[in-house]
Amino acid sequence: MTDAYLERDIELASGKVHLLEGGSGSDIVMLHHSWGSPGWLPVHAALAERHRVVVPDLPGWGGSVRPAWAREPRDIAILTGHILDALDIGPAAVVGTGFGGFIAAELAAMQPRRLRALVLVGAPGLKPENSDILDQMMVSHRDYIEQSFRDRENYVAWVGEEPGDDVRELWDMSREMTARVTWKPYMFSRRLAPLLGDVTTPTLLVWGGRDRIVPVECAELYAACLPNSTIEMVEDAGHVVEIEEPQRVAEMVSSHVD
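S.K.: Outline the overall build of the protein, supporting the account with residue identities and numerical values.
M.R.: Of the regular secondary structure elements, the protein holds 10 helices and eight strands. Whereas a compact globule of 258 residues would reach a radius of gyration of roughly 18 Å, the protein reaches 16 Å, a difference of no more than 12%. Counting only C-alpha atoms and orienting by the principal axes, one finds that the protein spans roughly 40 × 40 × 40 Å. Contacts in the protein between residues at least 24 apart in sequence constitute 76% of all its contacts with a sequence separation of at least 6. Entry remark: accessible area of the protein is about 10600 Å², with carbon and sulfur atoms responsible for 48%. Placing the 23 positive and 39 negative side-chain charges of the protein at their respective mean positions leaves the two points 5 Å apart.

S.K.: Go over the environment of W61 with me, naming the residues and quoting the values.
M.R.: Inspection of the secondary structure assignment puts W61 in the loop between β4 (51-56) and α2 (73-86). Placed 51 residues apart in sequence, W61 and P112 show a C-alpha to C-alpha distance of 25 Å. Discounting residues that sit within four places of it in the chain, W61 has contacts with H32, S34, G36, I76, F99, S174, M177, T178 and V181. Within polar-contact distance, the side chain of W61 engages the backbone oxygen of S34 at 2.8 Å.

S.K.: Could you give me a rundown of the environment of E162, with the residues and numbers involved?
M.R.: Here E162 is to be found in the loop between α5 (152-159) and α6 (165-182). Along the primary structure E162 and R113 are separated by 49 residues, whereas in three dimensions their C-alpha atoms are 44 Å apart. Residue contacts for E162: discarding those within four places in its chain leaves R142 and R168. A distance of 2.8 Å separates polar atoms of two side chains, one belonging to E162 and the other to R142. A polar atom in the side chain of E162 sits 2.6 Å from the side chain of R168.

S.K.: Go over the packing of α2 against helix α3 (residues 99-110) with me, naming the residues and quoting the values.
M.R.: At a minimum axis distance of 8 Å, the contact between α2 and α3 shows a crossing angle of 75 degrees. Judged by the angle between their axes, α2 and α3 are roughly perpendicular. Contact residues: α2 offers P73, R74, I76, A77, I78, T80, G81 and L84, while α3 offers F99, F102, I103, E106, L107 and M110. Of the residues contributing to the contact of α2 with α3, the split by class is 10 nonpolar, two polar and two charged.

S.K.: Pulling in residues and values, what's your account of the sheet that holds strand β7 (residues 203-208)?
M.R.: Strand order in the open sheet made by the eight strands is β1-β2-β4-β3-β5-β6-β7-β8, with mixed pairing throughout. Two strands close off the open sheet at either side, each with one partner strand: β1 (6-12) and β8 (229-234). Geometrically, the sheet is characterised by an average inter-axis angle of 25 degrees between neighbouring strands, direction not taken into account. With four bridges joining them, strand β6 (residues 115-121) and β7 adopt parallel strand pairing.

S.K.: An account of α3 is requested, with residue identities and associated values reported.
M.R.: For α3, which comprises 12 residues, the first-to-last C-alpha distance of 17 Å matches the rise-based estimate of 16 Å (1.5 Å per residue) to within 8%. With 11 of 12 residues buried, α3 lies mostly within the body of the structure.

S.K.: I'd like a rundown of a negative patch on the surface, residues and numbers included.
M.R.: Where like charges cluster on the molecular surface, the negative patch consists of D165, D166, E169 and D172. Of note, E169 is situated in helix α6.

S.K.: With reference to specific residues and values, describe unusual backbone geometry.
M.R.: Most peptide bonds take the trans form, and the phi angle of most residues other than glycine is negative. The amide bond that connects G90 to the next residue, P91, takes the cis arrangement and shows omega of -10 degrees. As for its position among the elements, P91 is in the loop between α2 and β5 (92-97). Here D88, not a glycine, exhibits a phi torsion of approximately 55 degrees, which is positive. In this structure, D88 sits in the loop between α2 and β5. With a relative accessible area of 70%, D88 lands in the exposed category. Positive phi, close to 65 degrees, is recorded for M187, a residue that is not glycine. Along the chain, M187 turns up in the loop between α6 and α7 (193-196).

Calculation notes
Within every chain, residues take consecutive numbers counted from 1 along the sequence as written. Totals for whole chains, interfaces and linings use every residue, but because this is a predicted model, local features are given only for residues with pLDDT of at least 70 and side-chain atom pairs only at 80 or more, for both listing and counting. Water and hydrogen atoms were dropped before computing side-chain values, which therefore reflect all heavy atoms in the structure. Numbering goes from the N terminus for both helices and strands, where a helix is a DSSP run of H or I of at least four residues and a strand is a run of E of at least two. Two things to know: the radius of gyration comes from C-alpha atoms, and the globule rule equals 2.2 Å times the number of residues to the power 0.38. Note on contacts: a residue pair qualifies if any of its non-hydrogen atoms lie within 4.5 Å across the two residues. In these tables, accessible area is a Shrake-Rupley quantity obtained with a 1.4 Å probe, and a residue counts as shielded only by the protein chains included in the view. His is not counted, nor are the chain ends; Lys and Arg add positive charge and Asp and Glu add negative charge. Each charge is placed at NZ for Lys, CZ for Arg, CG for Asp and CD for Glu. Side-chain atoms alone can form a polar contact between residues adjacent in sequence; in general such a contact is a pair of N or O atoms within 3.5 Å, and within protein one must be able to donate a hydrogen while the other accepts it. Only the contacting stretch of a helix is used when fitting its axis, a line to C-alpha atoms as for every element, and angles between N-to-C directions run 0 to 180 degrees. Orientation categories follow fixed angle ranges, with anything under 35 degrees roughly parallel, anything over 145 roughly antiparallel, 65 to 115 roughly perpendicular, and all other angles oblique. Note that Gly is not counted as nonpolar here; it falls among the polar residues with everything else outside the nonpolar set of Ala, Val, Leu, Ile, Met, Phe, Trp, Tyr, Cys and Pro and the charged set of Asp, Glu, Lys and Arg. Strands qualify as paired when DSSP identifies two bridges or more between them. One less than the number of residues in a helix, times 1.5 Å, gives the span that helix is expected to have. Type-normalised accessible area, obtained with a 1.4 Å probe on protein chains alone, sets the label of each residue: buried when under 20%, exposed when over 50%, and partly exposed for intermediate values. Think of a patch as exposed residues, more than 30% relative accessible area, with no salt bridge, where like charges cluster within 9 Å and nonpolar side chains (Val, Leu, Ile, Met, Phe, Trp, Tyr) cluster within 5 Å. The salt bridge definition used is simple: a Lys or Arg side-chain nitrogen within 4 Å of an Asp or Glu carboxyl oxygen.

Right, dumping it as C-alpha cells:
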C-alpha cells in the first residue's frame, strides 16, 4: 500500500485548512467523522494505489481554523466546496464517512454538478422514523467511539485501552465543534431530503450491518431520495466501516469512482 503522504495547509478567506494527500491518479476527497481525522489510514493508503487521495480536516476540526460563525452542517458544506475550488478539484469524487457523509450530501444537494461520484459511509443527515441516530452528547465520548466499532475487542485493537492525551484532545475539540453545527436537530436536516431527488450523481451507500450509531434505515432513506444510488452492506462491520474493513471499502470506492 502507498504509505507515503504529504501534510500541508491551504488558506481560505475563512482561515487555514489542514490536509493530508497521497497517491496519484484521479482525485478522491475523503471527509472524516464528527470526532475528527485520526490521520492517514489504511483505507487512504489502499485508495492511493490508484488515486490521488485528499483528506482535509473539515473547518473547525483538527488542524483547520474554526469558523466561529458556522452553525449548521450546510455551512461546513459551503466551505468544503471552497476547499475543492482552492485545490482545483472538480468535478470531484467525494467520500464522506459518518458526519463527513452528511457534509458530502449537503454539498451534492447544493451543487450537484460539482461531484462526479459520491460515496456515503454510515452517513447521518436524514431523520429515521423507526429508529434513532445515537446522540453522542448523551454519552461519554469514549463510549460513543467504542460503540462506533463492531465490538470492544476491535475498538481496543485500534484505540487501546486508554486513548492518549492527543487523541482525547482531538475528540474533545471535535465534540465541541460538532455540537455547534448539529445541535437541535441532532445530526439531520429536514431541508436535505427534498433537494436530493434532483441529484443524479452516481452514489454508493456503504453501511455496516452492525452500525450502532446511524441505523441502516438511513441508508434506505438516502436510497429512496437519490435516484442514482445503490446500497452495499458490510455485514460484520460497525459504524467505522472504512477502519474495520479498509481493503474492502477501498475496492468498493475505487470500483464506483472508476
